[in-house]
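A look at the structure
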Amino acid sequence: MEFSRTSPFSVSAATRFGSRCAGILVGAQPGVLTCFSFGPIKNLTCGQGGGVVPRTAAEADALRSLRALGITQSQHQRAATTSYTVEGFGLRATMSALNAAVGVVQLQQFEAVAAKRKDLWRAYASRLRTCAGASLVDVDVDRTVPFNCVVHVDDRDRVFTELRELGIGVGVHYPPNHIQPAFERWYRPLPITEQSGQQLMSLPFHPAMTEEDARYVCLALARALRKGSPCAS
(Lines give C-alpha, C1' and ligand atoms only; values in the text may rest on other atoms or scores of the structure.)
Protein backbone atom coordinates (compact mmCIF):
# COMPACT_ATOMS: atom_id res chain seq x y z
CA MET A 1 0.00 0.00 0.00
CA GLU A 2 2.11 2.90 -1.27
CA PHE A 3 1.30 6.45 -2.22
CA SER A 4 2.63 7.90 -5.46
CA ARG A 5 5.73 10.02 -5.04
CA THR A 6 5.62 11.55 -8.51
CA SER A 7 4.25 14.70 -6.89
CA PRO A 8 5.68 15.56 -3.45
CA PHE A 9 2.89 17.88 -2.42
CA SER A 10 0.56 17.05 0.42
CA VAL A 11 -1.13 19.41 2.84
CA SER A 12 -2.96 19.14 6.13
CA ALA A 13 -5.87 21.50 5.55
CA ALA A 14 -7.69 20.59 8.76
CA THR A 15 -9.24 24.02 9.22
CA ARG A 16 -9.28 25.31 5.67
CA PHE A 17 -12.36 23.84 4.01
CA GLY A 18 -13.86 26.52 1.77
CA SER A 19 -10.69 28.66 1.70
CA ARG A 20 -8.64 29.49 -1.37
CA CYS A 21 -4.94 29.41 -2.21
CA ALA A 22 -3.80 31.38 -5.25
CA GLY A 23 -7.45 31.68 -6.24
CA ILE A 24 -8.09 27.91 -6.17
CA LEU A 25 -10.22 26.18 -3.55
CA VAL A 26 -8.10 24.24 -1.08
CA GLY A 27 -8.48 20.60 -2.03
CA ALA A 28 -8.91 21.35 -5.73
CA GLN A 29 -5.25 22.08 -6.53
CA PRO A 30 -3.84 19.62 -9.08
CA GLY A 31 -1.25 17.22 -7.69
CA VAL A 32 -1.92 17.98 -4.03
CA LEU A 33 -2.95 15.32 -1.53
CA THR A 34 -5.20 17.25 0.87
CA CYS A 35 -6.44 16.24 4.32
CA PHE A 36 -9.46 17.90 5.95
CA SER A 37 -10.80 17.63 9.49
CA PHE A 38 -14.56 17.61 10.00
CA GLY A 39 -14.48 17.87 13.80
CA PRO A 40 -16.99 19.82 15.90
CA ILE A 41 -15.44 23.29 15.52
CA LYS A 42 -14.34 23.04 11.90
CA ASN A 43 -15.83 25.03 9.02
CA LEU A 44 -17.56 21.90 7.71
CA THR A 45 -18.42 19.49 10.51
CA CYS A 46 -19.60 15.92 10.63
CA GLY A 47 -19.43 15.90 14.41
CA GLN A 48 -16.28 13.80 14.09
CA GLY A 49 -14.22 12.51 11.21
CA GLY A 50 -12.31 13.86 8.27
CA GLY A 51 -11.63 13.42 4.60
CA VAL A 52 -8.75 13.08 2.17
CA VAL A 53 -8.65 14.33 -1.42
CA PRO A 54 -6.34 11.90 -3.26
CA ARG A 55 -4.23 12.74 -6.29
CA THR A 56 -4.85 9.51 -8.19
CA ALA A 57 -7.31 6.62 -8.37
CA ALA A 58 -4.60 4.35 -6.91
CA GLU A 59 -4.24 6.64 -3.90
CA ALA A 60 -8.01 6.60 -3.43
CA ASP A 61 -7.99 2.79 -3.38
CA ALA A 62 -5.07 2.76 -0.92
CA LEU A 63 -6.85 5.20 1.40
CA ARG A 64 -10.06 3.17 1.33
CA SER A 65 -8.08 0.07 2.32
CA LEU A 66 -6.10 1.94 4.97
CA ARG A 67 -9.25 3.23 6.68
CA ALA A 68 -10.80 -0.27 6.78
CA LEU A 69 -8.20 -2.47 8.51
CA GLY A 70 -6.28 -3.06 5.28
CA ILE A 71 -9.20 -4.83 3.59
CA THR A 72 -9.25 -4.24 -0.16
CA GLN A 73 -12.96 -4.90 -0.80
CA SER A 74 -15.63 -2.36 -0.01
CA GLN A 75 -18.30 -3.13 2.57
CA HIS A 76 -20.79 -3.64 -0.26
CA GLN A 77 -18.46 -6.11 -1.98
CA ARG A 78 -17.78 -7.99 1.27
CA ALA A 79 -21.49 -8.42 1.92
CA ALA A 80 -21.86 -10.34 -1.35
CA THR A 81 -19.01 -12.83 -0.74
CA THR A 82 -17.88 -15.34 1.88
CA SER A 83 -14.40 -13.86 2.40
CA TYR A 84 -12.24 -10.78 1.92
CA THR A 85 -8.58 -9.87 1.40
CA VAL A 86 -6.24 -8.02 3.74
CA GLU A 87 -3.19 -6.78 1.84
CA GLY A 88 -1.42 -4.65 4.45
CA PHE A 89 -1.58 -2.33 7.41
CA GLY A 90 -4.90 -0.68 8.15
CA LEU A 91 -6.89 1.24 10.74
CA ARG A 92 -10.50 1.28 11.83
CA ALA A 93 -11.08 4.82 10.60
CA THR A 94 -14.32 4.70 8.67
CA MET A 95 -16.79 7.51 9.24
CA SER A 96 -20.17 6.38 10.53
CA ALA A 97 -23.23 6.87 8.35
CA LEU A 98 -24.68 9.13 11.06
CA ASN A 99 -21.65 11.44 10.97
CA ALA A 100 -21.67 11.43 7.18
CA ALA A 101 -25.35 12.44 7.17
CA VAL A 102 -24.53 15.43 9.37
CA GLY A 103 -21.78 16.39 6.92
CA VAL A 104 -24.11 16.19 3.92
CA VAL A 105 -26.54 18.65 5.53
CA GLN A 106 -23.66 20.92 6.54
CA LEU A 107 -22.33 20.87 2.98
CA GLN A 108 -25.71 21.89 1.59
CA GLN A 109 -25.69 25.06 3.70
CA PHE A 110 -21.94 25.69 3.64
CA GLU A 111 -22.06 28.96 1.68
CA ALA A 112 -24.35 30.52 4.30
CA VAL A 113 -22.20 29.18 7.15
CA ALA A 114 -19.04 30.51 5.51
CA ALA A 115 -20.61 33.97 5.13
CA LYS A 116 -21.64 33.98 8.80
CA ARG A 117 -18.13 33.01 9.90
CA LYS A 118 -16.59 35.81 7.83
CA ASP A 119 -19.07 38.37 9.18
CA LEU A 120 -18.44 37.26 12.76
CA TRP A 121 -14.67 37.47 12.32
CA ARG A 122 -15.00 40.99 10.89
CA ALA A 123 -17.20 41.98 13.85
CA TYR A 124 -14.55 40.75 16.24
CA ALA A 125 -11.78 42.49 14.29
CA SER A 126 -13.64 45.80 14.40
CA ARG A 127 -14.18 45.58 18.17
CA LEU A 128 -10.67 44.38 18.96
CA ARG A 129 -9.06 47.40 17.27
CA THR A 130 -9.96 49.44 20.35
CA CYS A 131 -9.32 46.70 22.94
CA ALA A 132 -6.06 47.71 24.61
CA GLY A 133 -3.88 44.75 25.51
CA ALA A 134 -5.35 42.32 22.95
CA SER A 135 -3.63 41.76 19.61
CA LEU A 136 -5.66 39.97 16.96
CA VAL A 137 -3.97 37.15 15.03
CA ASP A 138 -4.80 38.37 11.55
CA VAL A 139 -6.56 36.29 8.91
CA ASP A 140 -7.03 36.99 5.20
CA VAL A 141 -10.78 36.79 5.63
CA ASP A 142 -11.45 37.63 1.97
CA ARG A 143 -9.79 34.37 0.86
CA THR A 144 -10.18 32.27 4.00
CA VAL A 145 -13.14 30.88 5.87
CA PRO A 146 -12.01 31.40 9.50
CA PHE A 147 -12.66 28.61 11.97
CA ASN A 148 -11.57 30.57 15.04
CA CYS A 149 -10.66 34.04 16.28
CA VAL A 150 -7.38 34.20 18.21
CA VAL A 151 -5.79 37.01 20.18
CA HIS A 152 -2.47 37.50 21.96
CA VAL A 153 -2.90 38.77 25.52
CA ASP A 154 -0.46 39.23 28.37
CA ASP A 155 -1.25 37.43 31.62
CA ARG A 156 -3.22 34.99 29.47
CA ASP A 157 -3.92 32.41 32.16
CA ARG A 158 -5.54 34.98 34.48
CA VAL A 159 -7.64 36.48 31.69
CA PHE A 160 -8.60 32.99 30.50
CA THR A 161 -9.77 31.99 33.99
CA GLU A 162 -11.77 35.18 34.53
CA LEU A 163 -13.60 34.83 31.22
CA ARG A 164 -14.36 31.16 31.84
CA GLU A 165 -15.81 32.08 35.23
CA LEU A 166 -18.16 34.45 33.40
CA GLY A 167 -19.33 31.57 31.23
CA ILE A 168 -17.43 32.78 28.15
CA GLY A 169 -16.01 29.80 26.28
CA VAL A 170 -12.47 30.92 25.54
CA GLY A 171 -9.89 28.29 24.65
CA VAL A 172 -6.28 27.84 23.57
CA HIS A 173 -5.51 26.75 20.00
CA TYR A 174 -2.90 25.41 20.38
CA PRO A 175 -0.13 24.81 22.95
CA PRO A 176 3.20 24.49 21.06
CA ASN A 177 3.85 20.94 19.89
CA HIS A 178 7.60 21.00 20.44
CA ILE A 179 7.23 21.27 24.23
CA GLN A 180 4.93 18.24 24.47
CA PRO A 181 6.40 15.12 26.12
CA ALA A 182 5.82 13.10 22.95
CA PHE A 183 8.36 15.27 21.09
CA GLU A 184 10.88 15.73 23.90
CA ARG A 185 13.64 13.84 22.09
CA TRP A 186 13.55 16.38 19.24
CA TYR A 187 13.23 19.48 21.40
CA ARG A 188 15.10 22.64 20.56
CA PRO A 189 14.37 26.15 21.84
CA LEU A 190 11.87 28.14 19.80
CA PRO A 191 11.59 31.31 21.91
CA ILE A 192 9.12 33.19 19.70
CA THR A 193 6.82 30.17 19.47
CA GLU A 194 7.08 29.62 23.22
CA GLN A 195 6.27 33.25 23.99
CA SER A 196 3.33 33.17 21.60
CA GLY A 197 2.12 29.92 23.18
CA GLN A 198 1.85 31.69 26.54
CA GLN A 199 -0.24 34.51 25.07
CA LEU A 200 -2.61 32.79 22.63
CA MET A 201 -6.30 32.67 23.47
CA SER A 202 -9.21 31.72 21.23
CA LEU A 203 -12.43 33.67 21.59
CA PRO A 204 -15.84 31.97 21.23
CA PHE A 205 -16.45 31.53 17.51
CA HIS A 206 -19.21 29.62 15.75
CA PRO A 207 -21.82 30.48 13.09
CA ALA A 208 -24.71 30.61 15.58
CA MET A 209 -23.13 33.66 17.23
CA THR A 210 -24.22 37.21 16.41
CA GLU A 211 -22.34 40.50 16.22
CA GLU A 212 -23.90 41.37 19.58
CA ASP A 213 -22.35 38.21 21.03
CA ALA A 214 -18.94 39.31 19.73
CA ARG A 215 -19.45 42.74 21.27
CA TYR A 216 -20.25 41.17 24.66
CA VAL A 217 -17.13 38.98 24.54
CA CYS A 218 -14.92 41.93 23.61
CA LEU A 219 -16.34 44.06 26.43
CA ALA A 220 -15.68 41.28 28.93
CA LEU A 221 -12.17 40.82 27.54
CA ALA A 222 -11.46 44.55 27.81
CA ARG A 223 -12.64 44.58 31.44
CA ALA A 224 -10.44 41.59 32.32
CA LEU A 225 -7.43 43.23 30.68
CA ARG A 226 -8.02 46.51 32.51
CA LYS A 227 -8.13 44.67 35.84
CA GLY A 228 -4.61 43.40 35.21
CA SER A 229 -3.25 46.76 34.04
CA PRO A 230 -0.70 48.47 36.33
CA CYS A 231 -2.85 51.63 35.95
CA ALA A 232 -6.01 49.90 37.20
CA SER A 233 -7.36 51.34 40.42
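The rules behind the values
- Residues numbered from 1 in each chain as written.
- Predicted model: local features only at pLDDT ≥ 70, side-chain atom pairs only at ≥ 80, totals over all residues.
- Heavy atoms only, no water.
- Helix = DSSP H or I, 4+ residues; strand = E, 2+ residues; numbered from the N terminus.
- Contact = heavy atoms within 4.5 Å.
- Axes fitted to C-alpha atoms, helices over the stretch in contact; angles between N-to-C directions.
- Left-handed = near helix turned anticlockwise from the far one by under 90°.
- Nonpolar A, V, L, I, M, F, W, Y, C, P; charged D, E, K, R; others polar.
- Buried < 20%, exposed > 50% of the residue type's maximum accessible area, 1.4 Å probe, protein only.
- Pairing = 2+ DSSP bridges.
- Core = buried A, V, L, I, M, F, W, Y, C linked by side-chain atoms within 4.5 Å.
- Phe/Tyr/Trp six-rings, centres within 6.5 Å; stacked < 30°, edge-to-face > 60°.

Looking at where Gln199 falls in the secondary structure, it is placed in the loop between α6 (191-197) and β8 (200-203). Residue contacts for Gln199: discarding those within four places in its chain leaves Val151, His152, Val153, Asp154 and Arg156.

Moving on, we get to the packing of helix α4 (residues 110-128) against helix α7 (residues 211-227). Packing of α4 against α7 brings their axes to within 9 Å, and their N-to-C directions diverge by 35°. In this structure, α4 crosses over α7, and the sense of that crossing is right-handed. When α4 is examined against α7, the residues Leu120, Ala123, Tyr124, Arg127 and Leu128 are found in contact with a partner set consisting of Glu211, Ala214, Arg215, Val217, Cys218 and Leu221. Its residues assigned to classes, the contact of α4 with α7 shows eight nonpolar, no polar and three charged.

Next up on the list: the pairing of strand β4 (residues 33-37). Side chains on a regular strand alternate between the two faces of the sheet. Most of β4 is tucked away, with four of its five residues classed as buried. Bridging between strand β1 (residues 10-12) and β4 involves three bridges; their strand directions are parallel. Note on β4: the bridge partner recorded for Ser10 is Leu33.

Bringing the nonpolar core into the picture now. The tendency in soluble globular proteins is for nonpolar side chains to be buried as a group. Counting 28 residues, the largest nonpolar core has Tyr124, Leu128, Leu163, Met201, Leu203 and Leu221 as the members making the most contacts within it. Put simply, the parts of the chain that give this core at least two residues each are α4, β7 (149-153), α5 (156-165), β8 and α7. Beyond its immediate chain neighbours, meaning those up to four positions away, Leu163 contacts Ile168, Val170, Met201, Ala220 and Leu221. Residues Ala13, Leu44, Ala114 and Val145 belong to the second largest nonpolar core, which totals 10 residues.

Moving on, we get to the packing of aromatic side chains. With the rule as written, the count across this model stands at five aromatic pairs. Centre to centre, the rings of Phe17 and Phe38 are 6.2 Å apart; their planes meet at 80°, and the pair counts as edge-to-face. Note that Phe17 is positioned in the loop between β1 and β2 (20-21) and Phe38 in the loop between β4 and β5 (50-53), a separation of 21 residues in sequence. On the accessibility criterion, Phe17 (18% relative accessible area) is buried. Relative accessible area serves as the criterion here: at 11%, Phe38 is assigned to the buried category.

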